[in-house]
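Coordinate analysis (summary)
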Amino acid sequence: MKTSRHTRTADEAPRIRRTRTTRKPSRIRRGRRWIARRRTALLYNALRGAAYATGAGIVGLGFYLIQQHI
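Heads up: these notes are all about the structure in this document. If you're wondering where the values come from, they're calculated on a predicted model, not measured in any experiment. (Residues numbered from 1 in each chain as written. Predicted model: local features only at pLDDT ≥ 70, side-chain atom pairs only at ≥ 80, totals over all residues. Heavy atoms only, no water.)

**With respect to the overall build of the protein**
If you tally the helices and strands in the protein, you get two helices and zero strands. Sorting the 70 residues of the protein into buried and exposed places 0% on the buried side. Surface accessibility of the protein: about 7,800 Å² in total, with carbon and sulfur atoms responsible for 58%. (Helix = DSSP H or I, 4+ residues; strand = E, 2+ residues; numbered from the N terminus. Buried < 20%, exposed > 50% of the residue type's maximum accessible area, 1.4 Å probe, protein only. Areas by Shrake-Rupley, 256 points an atom, 1.4 Å probe, with all protein chains shown as cover.)

**Some details on a positive patch on the surface**
Judged by side-chain charge, R29, R32, R33, R37 and R38 come together as a positively charged surface patch. When you line up the elements, R29 lands in helix α1 (residues 27–37). (Patch = residues over 30% accessible without salt bridge, like charges linked within 9 Å, V, L, I, M, F, W, Y side chains within 5 Å. Salt bridge = Lys/Arg side-chain N within 4 Å of Asp/Glu carboxyl O. Lys, Arg positive; Asp, Glu negative; His and termini not counted. Charge placed at Lys NZ, Arg CZ, Asp CG, Glu CD.)

**Examining a nonpolar patch on the surface**
A grouping of V59, F63, I66 and I70 is seen on the molecular surface, where their side chains present a nonpolar patch of about 470 Å² in accessible area. Overall, I70 belongs to the exposed group, its relative accessible area being 84%.

It is worth stressing that arrangement in space is one thing and function is another; only the former is reported here.
Written out as structure tokens, the structure is:
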């Protein structure tokens, strides 16, 4: 007969699994995980930077063309 998890005795408690290894992951693996966690923020900031650069380029080109006509 099965018991609910709230009524288990100490002998029936589930065992805690240990991790496979205790070594630190390599720098490459840590870097990939960091990028994976922050991918959305990185893409948003890259797009925002590209928009600012495009706007600055257009404004700079506009002022250059105005100076050439004067």
